[in-house]
Amino acid sequence: MTAISPRGIRSRRDTSPLSRTVVMVLLAVPTVYFLFPLWWLLVAATKPFGEQFSGSGLWFDGFGLFDNLARLTAQNDGIFWQWMLNSLLYCGVGAAIGTVLSAMGGYALAKYDFPGRGAAFGVILAAVLVPKILFTLPLYLMFSGVHLINNPLAVLLPSIVSPFGVYLARVFAAQSVPDEVIEAGRLDGASEFRIFRAISTKMMLPALVTIFLFQFVDIWNNYLLPAMVLGDDHMQPVTVGLVGWNASHVAVPPSLVVIGSLVSVVPLIVAFLALQRFWRAGMTAGAVK
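Residues numbered from 1 in each chain as written. Predicted model: local features only at pLDDT ≥ 70, side-chain atom pairs only at ≥ 80, totals over all residues. Heavy atoms only, no water.

## Focus on the pattern of salt bridges
At step 1: All told, the structure shown has 5 salt bridges when counted by the stated rule.
At step 2: One salt bridge in this structure joins Asp67 and Arg71, with 3.1 Å as the shortest N-O distance. Here Arg71 and Asp67 lie together in helix α3 (residues 65-74), a separation of 4 residues that amounts to about one turn.
At step 3: Overall, the relative accessible area of 39% leaves Asp67 in the partly exposed class.
At step 4: The shortest N-O distance in the salt bridge between Glu192 and Arg186 comes to 2.8 Å.
At step 5: Of the residues examined, Arg186 reaches a relative accessible area of 30% and is grouped as partly exposed.
At step 6: It is possible to trace a salt-bridge network through shared partners that takes in Glu183, Arg186 and Glu192. (Salt bridge = Lys/Arg side-chain N within 4 Å of Asp/Glu carboxyl O. Helix = DSSP H or I, 4+ residues; strand = E, 2+ residues; numbered from the N terminus. Buried < 20%, exposed > 50% of the residue type's maximum accessible area, 1.4 Å probe, protein only.)

## Brief notes about the packing of aromatic side chains
At step 1: Counted under the stated rule, the structure contains 17 aromatic pairs.
At step 2: Geometrically, the ring pair formed by Phe80 and Trp245 is stacked, given 6.3 Å between the ring centres and 25 degrees between the ring planes. Residue Phe80 is found in helix α4 (residues 79-111), and its partner Trp245 is found in helix α13 (residues 238-247); the two are separated by 165 residues along the sequence. Just as Phe80 is buried, Trp245 falls in that class too.
At step 3: Between Tyr107 and Phe196 the ring centres are 5.0 Å apart and the planes differ by 50 degrees, which places this aromatic pair in the tilted class. Taken together, the residues Tyr107 in helix α4 and Phe196 in helix α10 (residues 192-203) connect sequence positions 89 residues apart.
At step 4: For Tyr107, a relative accessible area of 3% translates into the label buried.
At step 5: Take Phe196: its relative accessible area is 9%, and that puts it in the buried class.
At step 6: Members of the aromatic cluster, joined through ring pairs, are Phe80, Trp81, Trp83 and Trp245.
At step 7: Above the ring of Phe121, the side-chain terminus of Arg170 is found at 4.4 Å from the ring centroid. (Phe/Tyr/Trp six-rings, centres within 6.5 Å; stacked < 30°, edge-to-face > 60°. Lys NZ or Arg CZ within 6 Å of the ring centre and 35° of its normal.)

## Some words on a nonpolar patch on the surface
At step 1: Where nonpolar side chains cluster on the molecular surface, the patch consists of Val130, Ile133, Leu134, Phe135, Leu137, Leu141, Tyr223, Leu224, Met228 and Val243 and spans about 860 Å² of accessible area.
At step 2: Where the nonpolar patch is concerned, the elements lending two or more residues are α6 (136-145) and α12 (224-229).
At step 3: Along the polypeptide, Leu141 turns up in helix α6.
At step 4: According to the relative accessible area criterion, Leu141 is exposed, its value standing at 54%. (Patch = residues over 30% accessible without salt bridge, like charges linked within 9 Å, V, L, I, M, F, W, Y side chains within 5 Å. Areas by Shrake-Rupley, 256 points an atom, 1.4 Å probe, with all protein chains shown as cover.)

Okay, here's the thing in C-alpha cells:
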C-alpha cells in the first residue's frame, strides 16, 4: 500500500489564491449591492435640508443632520416619533409573544409523540410556503366582521403567528435539547412546563433570539396589512406613515421622507448588533455534537 504523506493531504485541502479571490469577489459583489442603498441613505440624510437629491449621492457634501432631525420632529407636530413608537410596540410585543408561542409549538413537535404530529408539522411547512400577502384581504374581512378595524389588535394578532418560527424552534429543540435531560427533570419531579421553562428554553436561547430577530424584522417591514386595517394616522407604524408622506409631495417635502427612512432603520441595526452574538450561535446550533 502506498502511504499518503500528511503534507500531501494538507496540500489537497488547501485552497489556491485564485479560488480564494473568486470566493471573496462573489461575496463582495452582493454585499456591496445590498449595502449601497443604505450608504446612499446615510449620505443623503446628512446633507443640508433640501439638498438630499443634489450633488454626489455617494459622498458627504456638508453636514445638516441635526437640523434635519429638528425639521423631522417639527413636521405634523412630531407624528413621526409616534409612528416610531407604534412600530416598536407592534414589533416588540408581537415578536416576544410570537417567539414564546413558536418555542412552545416547536418544542412540543420535537419532544412529544402524539397522534397527528406529522400532519401538524406538514401543515406548518405548507404555511411557510404560502406568501403572507395572500392572507391580507381575508384578515381585513375577518377583522372588519368583528369590529377590529382601527384597532392595534388587528396588527398584533397576526404578528404573533409565525409558522417559520415554529419550524425553526422544532429543529433547534430536536438538536439542542437532549431527551436524557428531559427524563432527568421528570425523575426529579419537575412538571412538563417547568422542564420547558427552566431547562429547555435555556438550551434553546440562541434559537429563540434568532426567531425573535426574524419576527421583529418581519413585523417592522410589514406594510400592506397595517395600511389596510389602520386608518388613524396616530396608530400607523412608521412604514405606512413614510409611504403616506411620500405620496403627498406638496404637504411633506421629499427630503423629510429620506431623513425619516434613515431613522426608521436604526432600531433594526441596533437590534441586530445587540443580539448578533446569540443570533450567530443560534444559526450554528446543533451543527457539531
